[in-house]
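# An overview of the molecular structure
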Amino acid sequence: YSFVDAAWEADFSDNTSSPILLANPIASQMGVMRSSLIGGLVNTLTYNLKRRTDRVRIFEIGRCFHPTQDKNAIAGFHQPQRLAALCAGTALPVQWGEKSRPVDFYDIKADLEAMLPNRSLRFEKHAHPALHPGRSARVILDGQSIGILGELHPAQVQKYELGTPPVVFEIDLAPLTEHPLPNYQPVSRFPSVERDLALLVAQEQAVQPLLDALRQGASPLIRHIELFDLYQGKAIDENKKSLAFRVVMQDTAGTLADAVVDGAIQELLAIATQKFNAALRS
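Just so it is clear, the model here is predicted, and its values are computed rather than measured.

### Regarding the pattern of salt bridges
This model, assessed by the stated rule, comprises 13 salt bridges. With its nearest N and O atoms 3.0 Å apart, the salt bridge here joins Lys109 to Glu113. Here the residue Lys109 and the residue Glu113 both occupy positions in helix H3 (residues 105-115), the gap between them amounting to four residues, near one helical turn. Given a relative accessible area of 34%, Glu113 falls into the partly exposed group. Its salt-bridge partner being Arg122, residue Asp212 comes within 2.5 Å of it at the nearest N-O pair. In this pair, Asp212 is assigned in helix H5 (residues 207-217) and Arg122 in strand S8 (residues 121-125), connecting sequence segments 90 residues apart. An identical accessibility class is assigned to Asp212 and Arg122; each is buried.

Structure (structure tokens):
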């Protein structure tokens, strides 16, 4: 149903001042129009947990409702279609090949990235009333905010007796229906070259701005730059952290010489040093 319990609006949208009230609700716990799909997912999770199903993967596609001054809106309400998903329990089924661990932020982040391959998808730290204040992010696609992602807020985990915190995302559905045509690039006959670049940065430095700057300033020979390691601890200043990036280079015209490869890495190091006060980790 699109009409939900008013408590869900307070718990998952912090919408206590302007919920959309129904004039004649069919039940007392279905008295407002939803502005988020997360409450319904949590309700489904609690239903399953009470029946001893503790590993849950669910999603919902549906409309949410927000008051608007847009004259083109139907009945004065913005009614976007949204996609929301929730994961709870262990990351993998019980098996001999992997140790059991709870699902986390990065598991559902990978699911979201798999849904939008070859798109400019970014994640920025963001506070949301439904999500853990230190484990949540805003989802940005092609420069536009399309939703949220993170671990459910501890207060709601306790209130709804969920045990292990589930992770969720909620995004606008429209971007998933857009499929830009790919641009053909010739496949190189020459081998690629990989280099690792480990940087020491301030503890509070966010990864995304650094990664964006490296990619934007990279030589045309650089095909990929990805973070593969974060280290904090022994041999590292307590106010610093180490970020290691894998840099993949390739040319369609010939095999890359060591001098060219070293020059491209030095360009990346200069960007990190000048813009983010980073240092090369020895």
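### Some details on the sheet that holds strand S7 (residues 81-88)
Adjacent strands of a sheet pair through backbone hydrogen bonds, lying either parallel or antiparallel. Pairing within the open sheet is antiparallel, and its six strands lie in the order S4-S7-S11-S10-S9-S8. The open sheet has two edge strands, strand S4 (56-63) and S8, and neither has a second partner. Mean inter-strand twist for the sheet, computed between neighbouring axes without regard to direction, equals 20 degrees. This element, helix H2 (residues 38-49), spans S4, S7, strand S10 (144-152) and strand S11 (167-172) of the sheet and lies at about 145 degrees to S4.

### Digging into the sheet that holds strand S2 (residues 20-21)
As summarised here, the arrangement of the three strands in space is S1-S3-S2, forming an open sheet in which the pairing is antiparallel. Edge positions in the sheet fall to strand S1 (3-4) and S2, since each of these pairs with one other strand and no more. Pairing geometry for S1 and strand S3 (residues 32-33), over two bridges, is antiparallel. Directly across from Phe3, in S3, lies its bridge partner Met33.

### Description of the state of the cysteines
In the structure shown here, the tally under the stated rule is zero disulfides. Here Cys64 is not cross-linked by a disulfide; its sulfur's nearest cysteine counterpart is in Cys87, at 18 Å. Classification of Cys64 by relative accessible area gives buried; the value is 0%. Taking the relative accessible area as the measure of exposure, Cys87 reaches 6% and is therefore buried.

### Structural notes on the packing of aromatic side chains
Tallied over the full model, the rule gives three aromatic pairs. Here Phe105 and Tyr106 contribute two aromatic rings whose centre-to-centre distance is 5.2 Å and whose plane-to-plane angle is 80 degrees, an arrangement assigned as edge-to-face. Residue Tyr106 is classed as exposed on the basis of its relative accessible area of 60%. The ring of Tyr47 is capped by Arg51, whose NZ or CZ atom sits 3.7 Å from the centre of that ring.

### Let's talk about the environment of Ala110
One can find Ala110 in helix H3. Remark: the alpha-carbon pair of Ala110 and Ala27, spanning 83 residues in sequence, is separated by 38 Å.

### Notes on the nonpolar core
Grouped together as the largest cluster of nonpolar side chains are 24 residues, with contacts concentrated most on Leu199, Leu210, Leu214, Ile225, Phe245, Met249 and Leu268. Mapped by element, the contributors of at least two residues to this core are strand S12 (193-202), H5, strand S13 (222-231), strand S14 (240-249) and helix H6 (258-276). Residues within four places of Ile225 in sequence aside, it is in contact with Leu211, Leu214, Arg215, Ala218, Phe245, Arg246, Val247 and Leu268. Residues Trp8, Leu37, Leu131 and Leu162 belong to the second largest nonpolar core, which totals 23 residues.

Rules used throughout
Residues numbered from 1 in each chain as written. Predicted model: local features only at pLDDT ≥ 70, side-chain atom pairs only at ≥ 80, totals over all residues. Heavy atoms only, no water. Salt bridge = Lys/Arg side-chain N within 4 Å of Asp/Glu carboxyl O. Helix = DSSP H or I, 4+ residues; strand = E, 2+ residues; numbered from the N terminus. Buried < 20%, exposed > 50% of the residue type's maximum accessible area, 1.4 Å probe, protein only. Pairing = 2+ DSSP bridges. Axes fitted to C-alpha atoms, helices over the stretch in contact; angles between N-to-C directions. Contact = heavy atoms within 4.5 Å. Disulfide = S-S within 2.5 Å. Phe/Tyr/Trp six-rings, centres within 6.5 Å; stacked < 30°, edge-to-face > 60°. Lys NZ or Arg CZ within 6 Å of the ring centre and 35° of its normal. Core = buried A, V, L, I, M, F, W, Y, C linked by side-chain atoms within 4.5 Å.

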